[in-house]
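This is what each chain is made of:
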Amino acid sequence: MTSVIKKASLSLKRVCFKRGTRTILDNVDFSVSQGALVLMTGQNGSGKSTLLKITAGLLKPQQVQVSFVPHDGQQGSYPWPRLKKLLRRKVCYLHQHPYLFHGSVYDNVAYGLKRQKMSKQEIEQRVVQALQEYSLESLIHRDCHELSGGEKQRVAIVRSWITRPEIILLDEPFSNMDKESRKKSYALIKQMCQQNITIALTSHDPLIGELSFDQHIHLYQGKITHKSV
Amino acid sequence: MNDLTDASIQALQLLLSGDAQVWKIISVSFTVSLKAIFIATVPAIAVAFVLAYYAFPGRRFVITLFNTALAIPAVVVGLTMYLLLSRSGPFGDLHLLFTQEAMIIGQIILAFPMLVAMSHASLQSSDQRAWETAITLGASAFVAAVTVIREVRFGLMAAVIAAFGRIIAEVGSSMVVGGNILNHTRNITTAIALETSKGSFVEGIALGMVLLTLALLLNFFLTAIQGKAEVIHQ
């Protein structure tokens, strides 16, 4: 772990989430710093994925207070419709088993850029460049359903990265990956951190020691039981 | 058996001879049903999407209503519309009774629940991750919905084809609100009913052949499209 304390770029406080009568997250405080690499651990059902989805604006919590720095620097209880828009603009979430849309690798990587209303030429240029940067250019015209698990995961990470989010949340990104794919994914994540993108990931992976984390959070039954910087 | 063969051969000859009356009947059928399916599809898929992806009070009740509406006989739709559109009915002033427009409305009413129910089943079983992925990549709710619809397009296409099959083959509604007027509201099914009641089987069989050919073409089309989809078991 590095000991550098960076300024929090996104902070969620007192996050509560219940499903029926079951409490999934109980007053959890979660903050990430700009360009930091955050590791989130915990047993299955401890609330890791739920916390990531709330952070990405995909799940509505019963209670949350959010502050963005340096965006507005103020802590606020925004109404959920506004808050989720703010979160979705900054944060990109990747599922444990990423979903790739029907079509080619190019179509998938270009998906987010099309939403940013770029010209066709610019999209093409950026997709090719991104795939080259992460050594995936040979897959560009491949149908996504023909890819291996590791390739799918890496294509999905590049697809998230290319939209230039401030924060990328990876839910168990190394599950079902062989050693070689993991190595490539670690390199990809390191590269992204160097570009000042905040990355938070959940993992049970013992090989995760190959990555140097800025922060470690351990969740147990919906509560943070350990936090280290 | 010989009667059937003879009638079929004569029916084929009638179709190939380009009989204006027969082809007008076929044209009315296709015009009315294609317009009905064209109008009903987009709103029905939108309703199905809302039912599958949004929680609101009474959602289950609405789903049950649409599923129940699948069982409504076409003639009941026709009769209800007749009462609404007849001179003494609330919409009598629109003068829609015995027009193609009335037939289109009747067929929309028949197709809509089927489109909603089948599209809802497809969307309900769609992968939630598709929606979340689209949203997290910056898509608006509308674009994300279009993306999810694109992902389940084969199921939705099957819904459209099934609904089209239902309305082009229905007779009750078209007969009651269309009035079976030659060169105006007479379509394949009302013509078959009429010709059969007169004992003129040749024209009935000819028109039946057209319906069956249509069903065959639709299924070939669906199979061809689905052929491009991912094969589950190789």
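From a predicted model like this one, the values you see are computed outputs, not experimental measurements.

(A) The arrangement of the overall build of chain B in detail. The number of helices and strands found in chain B is 11 helices and 0 strands. In chain B, which comprises 234 residues, the share counted as buried stands at 38%.

(B) Here's a closer look at the nonpolar core. A:V38, A:I168, A:L169, A:I199, B:A111 and B:L115 are the most contacted members of the largest nonpolar core, which totals 124 residues. Take this core: its biggest share by element is 15 residues, from helix 5 (residues 100–124) of chain B. Those residues within four positions of B:L115 in sequence are excluded, and the remaining contacts are B:A40, B:T41, B:A44, B:A159, B:V160 and B:A163.

(C) Highlighting the sheet that holds strand 8 (residues 198–202) of chain A. Residues and elements named next belong to chain A. Judged by pairing direction, the sheet is mixed, and its 6 strands sit side by side in the order 6-7-8-3-9-10 without closing on themselves. Looking at which strands have only one partner, the edges of the open sheet turn out to be strand 6 (91–94) and strand 10 (223–228). Each strand of the sheet is rotated relative to its neighbour by a mean of 15 degrees, with strand direction disregarded. The pairing of strand 6 with strand 7 (residues 167–170) spans 4 bridges and is classified as parallel.

(D) Geometry of the interface of chain B and chain A. Contact with chain B, which involves 14 residues of that partner, is made by 16 residues of chain A. For the side of chain B that touches chain A, the element with the most residues is helix 6 (residues 128–136) of chain B, which contributes 6 residues. Its residues placed into classes, the side of chain B that touches chain A shows 5 nonpolar, 4 polar and 5 charged.

(E) Spotlight on the confidence of the model for chain A. Residues and elements named next belong to chain A. Per-residue pLDDT for chain A has a mean of 85; in total, 90% of the residues score no lower than 70. Predicted confidence in chain A is weakest over strand 5 (residues 75–76), with a mean pLDDT of 58, and strongest over helix 3 (residues 105–115), with 95. Note on residues 1–6: pLDDT is under 50 here. Beyond four places in sequence and across chains, it has 12 contacts.

(F) How the structure looks around unusual backbone geometry. All names here are of chain B. Notably, F98 is not glycine yet its phi reads approximately 65 degrees, a positive angle. Note that F98 resides in the loop between helix 4 (74–85) and helix 5. Of note in the backbone geometry, N183 takes a positive phi value of approximately 65 degrees without being a glycine. Topologically, N183 is positioned in the loop between helix 9 (172–178) and helix 10 (188–198).

(G) Main features of the pairing of strand 10 of chain A. All names here are of chain A. The pairing of strand 9 (residues 215–220) with strand 10 spans 5 bridges and is classified as antiparallel. Residue pairing across strands places L219 opposite I224, the latter belonging to strand 10. Counting the residues between successive antiparallel strands, the hairpin from strand 9 to strand 10 contains 2 residues, one of them, Q221, with a positive phi of roughly 45 degrees.

(H) Up close: helix 5 (residues 149–161) of chain A. Residues and elements named next belong to chain A. The terminal C-alpha atoms of helix 5 lie 18 Å apart, and with 13 residues this matches the ideal 18 Å at 1.5 Å per residue to within 8%. In terms of burial, helix 5 is a largely internal element, 11 of the 13 residues being buried. If you check which residues of helix 5 are buried, you get E151, K152, Q153, R154, V155, A156, I157, V158, R159, S160 and W161. Buried positions along helix 5 lie against strand 6, helix 3, helix 4 (120–133), strand 7 and helix 6 (179–194).

(I) Inspection of helix 6 of chain A at higher detail. Residues and elements named next belong to chain A. Taking 1.5 Å per residue, 16 residues should reach 22 Å; helix 6 reaches 23 Å between its end C-alpha atoms and fits that length. Taken as a whole, helix 6 has its buried residues at S185, I189 and M192. In an axial view of helix 6, the angular spread of the buried residues amounts to 60 degrees, which keeps them on one side of the axis. For helix 6, the exposed residues set more than 90 degrees away from the buried face come down to K179, E180 and Q194. In this fold, the buried residues of helix 6 make contact with helix 5, strand 7 and strand 8. One or two steps after helix 6, the chain reaches N196, where phi turns positive at roughly 70 degrees.

(J) Representation of the environment of A:Q96 within the structure. All names here are of chain A. Along the polypeptide, Q96 turns up in the loop between strand 6 and helix 3. Each C-alpha atom, one on Q96 and one on T202, is 9.2 Å from the other, the two residues being 106 residues apart in sequence. Each residue touching Q96, except ones within four places of it in the same chain, is listed here: D171, E172 and S175.

(K) Examining the packing of helix 5 of chain B against helix 8 (residues 153–169) of chain B more closely. All names here are of chain B. One can describe the packing of helix 5 onto helix 8 by two numbers: an axis separation of 9 Å at closest approach and a directional angle of 155 degrees. Of the possible angle classes, the one that applies to helix 5 and helix 8 is roughly antiparallel. Every pair of crossing elements has a handedness; the one defined by helix 5 and helix 8 is right-handed. Contact residues: helix 5 offers Q107, L110, A111, M114, L115, M118, S119 and S122, while helix 8 offers G155, L156, A158, A159, V160, A162, A163, R166 and I167. A per-class count over the contact of helix 5 with helix 8 returns 12 nonpolar, 4 polar and 1 charged.

Definitions and limits used
- Residues numbered from 1 in each chain as written.
- Chains lettered and ligands numbered in written order.
- Predicted model: local features only at pLDDT ≥ 70, side-chain atom pairs only at ≥ 80, totals over all residues.
- Helix = DSSP H or I, 4+ residues; strand = E, 2+ residues; numbered from the N terminus.
- Buried ≥ 20, exposed ≤ 12 C-beta atoms within 10 Å, placed from the backbone.
- Core = buried A, V, L, I, M, F, W, Y, C linked by C-beta atoms within 7 Å.
- Contact = placed C-beta atoms within 7 Å.
- Pairing = 2+ DSSP bridges.
- Axes fitted to C-alpha atoms, helices over the stretch in contact; angles between N-to-C directions.
- Nonpolar A, V, L, I, M, F, W, Y, C, P; charged D, E, K, R; others polar.
- pLDDT = per-residue confidence, 0-100.
- Expected span 1.5 Å × (residues − 1).
- Arc of directions from axis to C-beta.
- Parallel < 35°, antiparallel > 145°, perpendicular 65-115°, else oblique.
- Left-handed = near helix turned anticlockwise from the far one by under 90°.

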